[in-house]
Amino acid sequence: DDETKVQQVSALDHRWVGLVIGKSGETIKSFKKQSGASIEIDQNLPEGMPRAVIYRGTKKQVTSARKLVETLVARAKEDEKNKNSTAPVGAGMGIMGRGPA
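Everything quoted here is computed from the prediction, not taken from an experiment.

Asks: Outline the overall build of the protein, supporting the account with residue identities and numerical values.
Replies: A tally of helices and strands in the protein yields 3 helices and 3 strands. Helices and strands appear in the protein in the N-to-C order β-α-α-β-β-α. Within the protein, the proportion of its 101 residues that are buried is 26%. The long-range share in the protein, meaning contacts at least 24 apart out of those at least 6 apart in sequence, stands at 66%. Accessible surface, the protein: about 7200 Å² in total, of which carbon and sulfur atoms supply 54%.

This is the structure we're talking about:
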């Protein structure tokens, strides 16, 4: 039954908390509005431990909210991976190719 209220908790690496919350809470507010679910992040956990994201609402709302958060984090991880694996454009081009002054 889609109207049944559920609560789900998922782990979020502490480095993504700021990203999910967004500037002045804009991102998380927008996700709450889009999904209709309540989304809370429990940050009262030891340093380095993943944070707990608590989703509450109907199954459909919770699924939607989780998808929004997971997509955002996946995109950020992808960006980070791409940044780390490719050298900046023009890196090492500083001195090469110039003849004597």
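Asks: So, the pairing of strand β2 (residues 38-42): which residues are in play, and what are the values?
Replies: Of the two faces of β2, only the one carrying I39 and I41 is buried; S38, E40 and D42 on the other face are not. Pairing analysis gives 5 bridges linking β2 to strand β3 (residues 51-58), with the strands arranged antiparallel. Paired with D42 across the two strands is A52, which belongs to β3.

Asks: A description of the sheet that holds β2 should follow, citing residues and the corresponding values.
Replies: What the 3 strands build is an open sheet, ordered β1-β3-β2; its pairing is antiparallel. The two strands at the open ends of the sheet, each matched to only one other strand, are β1 (5-12) and β2. For this sheet, the mean angle separating the axes of adjacent strands, direction not counted, is 20°.

Asks: Mind laying out unusual backbone geometry, listing which residues take part and the relevant values?
Replies: Among all residues except glycine, the phi angle is most often negative; among peptide bonds, the trans geometry is most common. Of note, the phi angle at S24 is positive, near 55°, even though the residue is not glycine. Turning to its location among the elements, S24 is positioned in the loop between α1 (17-21) and α2 (26-35). Here S24 falls in the exposed class, since its relative accessible area comes to 60%.

About the cut-offs
Residues numbered from 1 in each chain as written. Predicted model: local features only at pLDDT ≥ 70, side-chain atom pairs only at ≥ 80, totals over all residues. Heavy atoms only, no water. Helix = DSSP H or I, 4+ residues; strand = E, 2+ residues; numbered from the N terminus. Buried < 20%, exposed > 50% of the residue type's maximum accessible area, 1.4 Å probe, protein only. Contact = heavy atoms within 4.5 Å. Areas by Shrake-Rupley, 256 points an atom, 1.4 Å probe, with all protein chains shown as cover. Pairing = 2+ DSSP bridges. Axes fitted to C-alpha atoms, helices over the stretch in contact; angles between N-to-C directions.

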